Amino acid sequence: MNWIIWLIIACEIGFWVFILLGLSFRYLLKKEKLGFIFLALTPVVDLILIIAATFDLYSGTPATKAHALAAIYIGISVGFGKSMIRWADEHFQYYITKTGPKPVKLYGLQFAKQNLKSWGRHLLSYLIGASLIGIIYYFINDYERTKALIQVLAIWSLVLIIDLLISLSYFVFPRQPGKPTI
């Protein structure tokens, strides 16, 4: 397996480890500054991945689906990072420290609006990831060496459209209490 895939896996694990350490120090050990430092380290994971993928491509390695996944990972991390940390914070407070309010499940129009807002984050992630892929494609300037990137981008484009259709469907078929969603 391509070493970039292993790095992506390590970065994802590192992202959540930093979040858990940050929340643990903040709420369990009452060390807010140290907790903040760990939470602030989450973007460093992205920086490591960007540097590693860039170095790999710069050294002449043909772009692979793993490189495209690295761009996607970075886009998603930027687009969803803050909301993922907020989600983890709310759930950590309620389920671990038993101090915060129970996370609210939304239904009807509120759920539809939340889903559309989440799609907006997906679109932002897509624009960032697609831009990174475009930059790589531009600088390598060799379709044969970069076609894997374009193939992954085409799939992600389809996923983005499907996600929009699902998000819009909640306005037509609102989520009801006790019923599963798509």
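Residues numbered from 1 in each chain as written. Predicted model: local features only at pLDDT ≥ 70, side-chain atom pairs only at ≥ 80, totals over all residues. Heavy atoms only, no water.

Novice: Just give me the short version of the side chain of Asp89, but keep the residues and values in it.
Specialist: Secondary-structure assignment places Asp89 in helix α4 (residues 65-96). Dropping the residues within four chain positions of it, Asp89 is found in contact with Leu23, Arg26 and Tyr27. (Helix = DSSP H or I, 4+ residues; strand = E, 2+ residues; numbered from the N terminus. Contact = heavy atoms within 4.5 Å.)

Novice: Go over the pattern of salt bridges with me, naming the residues and quoting the values.
Specialist: According to the stated counting rule, one finds two salt bridges in the structure shown. Here Arg26 and Asp89 are joined by a salt bridge, their closest N and O atoms 3.4 Å apart. Within this pair, whereas Arg26 is found in helix α1 (residues 3-28), its partner Asp89 is found in helix α4, the two being separated by 63 residues in sequence. Asp89 gets classed as buried once you look at its relative accessible area, which sits at 15%. The partner of Glu144 in a salt bridge is Lys147, and the shortest N-O contact between them spans 3.3 Å. On the criterion of helical spacing, the pair formed by Glu144 and Lys147 is a turn pair, its members being three residues apart in helix α6 (residues 143-172). Taking the relative accessible area as the measure of exposure, Glu144 reaches 53% and is therefore exposed. The class of Lys147 is partly exposed, set by a relative accessible area of 32%. (Salt bridge = Lys/Arg side-chain N within 4 Å of Asp/Glu carboxyl O. Buried < 20%, exposed > 50% of the residue type's maximum accessible area, 1.4 Å probe, protein only.)

Novice: Would you mind going over the packing of aromatic side chains in detail, with residue names and values included?
Specialist: Per the stated rule, a full pass over the model turns up eight aromatic pairs. Measuring from centroid to centroid gives 4.8 Å for Phe111 and Tyr170, while their planes differ by 80°, and the two rings are edge-to-face. Placement of Phe111 in helix α5 (residues 108-140) and of Tyr170 in helix α6 is noted, with a sequence separation of 59 residues between them. Residue Phe111 is classed as buried on the basis of its relative accessible area, which comes to 8%. You can call Tyr170 buried: its relative accessible area is 6%. When the ring centre of Phe111 is taken as reference, the NZ or CZ atom of Arg175 above it lies at 4.5 Å. (Phe/Tyr/Trp six-rings, centres within 6.5 Å; stacked < 30°, edge-to-face > 60°. Lys NZ or Arg CZ within 6 Å of the ring centre and 35° of its normal.)

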